[in-house]
Amino acid sequence: MRFVLGIESSCDETAAAVVEDGRIVHSNVIASQIETHKIYGGVVPEIASREHLSKITAVVAQALEQAGKSFAEIDGIAVTCGPGLVGSLLVGLAYAKSVAFALGKPLIGIHHIEGHIFSVAFEHPPVSYPALAFIISGGHTNLFWMPEAGHYVRLGHTRDDAAGEAYDKVAKLLGLAYPGGPILDRMAKAGDAAAAPLVFRPPLMPDAPYDFSFSGLKTAVLRFVREQHLETKVPAEPLPQVYFDVAASFQQAVVQTLVKTLGRALRDYPVQTVVIGGGVACNSALRKGLEELAAHSQTPIYVPSPVYTTDNAAMIAAAGHFRFSRGERSDWTLGVNPALKLHHSDIRPPTQRKIRYRS
Ligand code: KG4
Ligand code: ZN
């Protein structure tokens, strides 16, 4: 299986890519719907499906053209089949199935998070196992232990908002645009965290040391906004300094939580590599924190370039190549599953010290 066409449409990006041998990206076309959803302050599922429908043919055609390939030269088709928005997933799957059926090419359904885990395939050496995978996006904050490629044991996840979702919600309550992550990241650089202290206590979860919760932090920002009488509609330009300070304070709390939890997992679980994925991995402070953690723990932490951390189809093609290479194929009954699970919770990873964790 040499050339795989990847198709991704689980949320608000219509994407297609041609990847060779799971590692060489020949094209990676991403049509973002951000401009459409911006005015609503978040993704509107029905509008997202319609946009996918109107764009998918052109996006796939462009991916083939940029790769200099025809449909006939593609060896297999990989498509995201969950989790995500049901209508959006259906557009990608129906398209992928039709193409695979018409051309008589093999098809494989890919879990979106597994795609994110494969986003390190293009710019880094192959992953050595056991490994940890930390996926931090708008929909997920998941930490997995991987004894081998394709085997996922979930160590922790978010109890409420995903990290990116917390960014988006905090931006919204400050009256800023969607998506909030990149905006707050930029603003945080011009802010002083100490000037906007947020009062919150990280929740105690002794039985689940790798779980996350961001709702308390979000409430702390809300309380700060109210106490400081900040304008939450559309703040007048130029923005007062306090907005930059609160962005810095919020970002510091999120990044500390993420890096600390990963650091704890690294101390507790012996791994060869850490794999990072998901849109929040674009965050400048997080990338710096991960660099420091890699140096301190002497464990390679693979962080993809921003184009591969946010949703894309190259990562789906790479995961598809891996599944195809193991002889896996989906049949025509393949459907979408908005709540598809990735992890196997049937084995316990070896631990250096006694840890209780959720199964
Ligand atoms: O992986 P992704 O493209 O889509 C999902 O699968 O969710 O992630 C999108 C999320 C959004 O919540 C966005 O605000 C966040 O990633 N994000 C960031 C940054 N860039 C994107 N969050 C923090 N800092 C950034 N620089
Ligand atoms: Zn994603």
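Residues numbered from 1 in each chain as written. Chains lettered and ligands numbered in written order. Predicted model: local features only at pLDDT ≥ 70, side-chain atom pairs only at ≥ 80, totals over all residues. Heavy atoms only, no water.

Undergrad: Quick question: what am I supposed to make of the site of ligand 1 here?
TA: Taken together, 20 residues sit near ligand 1, with G138, D168, D185, G279 and N283 positioned nearest. The contact in question runs from an oxygen atom of ligand 1 to an N or O atom on the backbone of G279, over 2.9 Å. Here an oxygen atom of ligand 1 and a backbone polar atom of D311 are 3.1 Å apart. For ligand 1, the protein covers 89% of the area, taking 550 Å² as the surface of the free molecule. Only helix 4 (112–117), helix 5 (163–173) and helix 6 (180–188) provide two or more residues apiece to the shell around ligand 1. The residue inventory of the shell around ligand 1, partitioned by class, reads five nonpolar, 12 polar and three charged. Here the shell around ligand 1 spans two domains, and each of domain 1 (3–119 + 307–325) and domain 2 (127–303) adds at least three residues to it. (Near = heavy atom within 4 Å. Polar contact = N/O pair within 3.5 Å; in protein donor to acceptor, adjacent residues only side chain to side chain. Areas by Shrake-Rupley, 256 points an atom, 1.4 Å probe, with all protein chains shown as cover. Helix = DSSP H or I, 4+ residues; strand = E, 2+ residues; numbered from the N terminus. Nonpolar A, V, L, I, M, F, W, Y, C, P; charged D, E, K, R; others polar. Domains from an automatic or database assignment.)

Undergrad: Looking at this structure, I do not really get the coordination of the zinc ion (ligand 2). What am I missing?
TA: Note on metal sites: the ideal angle is 109.5 degrees for four tetrahedral donors, and 90 or 180 degrees for six octahedral donors. Coordination of the zinc ion (ligand 2) by the protein is provided by H112 (NE2), H116 (NE2) and D311 (OD), with metal-donor distances spanning 2.0 to 2.1 Å. For the zinc ion (ligand 2), the four donor atoms are set out with angles of 94 to 143° between them, so the coordination reads as irregular. Donor residues for the zinc ion (ligand 2) sit on one chain with the sequence pattern H-x3-H-x194-D. Placement of both H112 and H116 in helix 4 is noted, with a separation of four residues, approximately one turn of the helix. Among the residues examined, H116 registers a relative accessible area of 0% and is labelled buried. (Donors = N, O, S within 2.8 Å, 3.2 Å for Na, K, Ca; no water. Tetrahedral: all angles 85-135°; square planar, octahedral: opposite > 155°, others 65-115°. Buried < 20%, exposed > 50% of the residue type's maximum accessible area, 1.4 Å probe, protein only.)

Undergrad: Looking at this structure, how should I read the nonpolar core?
TA: As a rule of thumb, nonpolar side chains are buried together in soluble globular proteins. The biggest cluster of nonpolar side chains holds 58 residues, and the ones touching the most others in it are F250, L262 and I276. The leading source of residues in this core is helix 8 (residues 241–268), at 14 residues. Aside from chain neighbours lying at most four places away, what touches I276 is S119, V120, F134, I135, I136, L262, A281, L290, I301, Y302, V303 and P304. Core analysis: the second largest hydrophobic core is formed by 31 residues, V4, I135, F144 and A318 among them. (Core = buried A, V, L, I, M, F, W, Y, C linked by side-chain atoms within 4.5 Å. Contact = heavy atoms within 4.5 Å.)

Undergrad: Help me understand the environment of C11 in this model?
TA: Secondary-structure assignment places C11 in the loop between strand 1 (3–8) and strand 2 (13–20). C11 sits 34 residues away from P45 along the chain, and the two C-alpha atoms are 8.0 Å apart. Apart from the residues within four sequence positions on either side, C11 is in contact with V43, A48, H52, L85, S88 and D311.

Undergrad: Would you mind showing me how to read the pattern of salt bridges here?
TA: Note that side chains of opposite charge can pair when their charged atoms are close. The full count for this structure, using the stated rule, is 12 salt bridges. The partner of K55 in a salt bridge is E51, with the nearest N and O atoms 2.9 Å apart. With K55 and E51 both in helix 2 (residues 45–67) and four residues apart, the pair spans about one turn of that helix. We classify E51 as buried; its relative accessible area is 15%. In this structure, E165 and K169 form a salt bridge, with 3.3 Å as the shortest nitrogen-oxygen distance. Pair noted here: E165 and K169 are both in helix 5, with a separation of four residues, about one helical turn. (Salt bridge = Lys/Arg side-chain N within 4 Å of Asp/Glu carboxyl O.)

Undergrad: Is there a simple way to think about the pairing of strand 8 (residues 153–157) in this case?
TA: Put simply, side chains in a regular strand alternate between the two faces of the sheet. For strand 8, a buried count of four out of five residues is recorded, marking the element as mostly surrounded by other parts of the structure. As paired elements, strand 7 (residues 141–146) and strand 8 share four bridges and run antiparallel to each other. Looking at the pairing, L143 lines up with G156 of strand 8. What sits between the antiparallel neighbours strand 7 and strand 8 is a turn of six residues, in which G150 has the positive phi angle 85°. (Pairing = 2+ DSSP bridges.)

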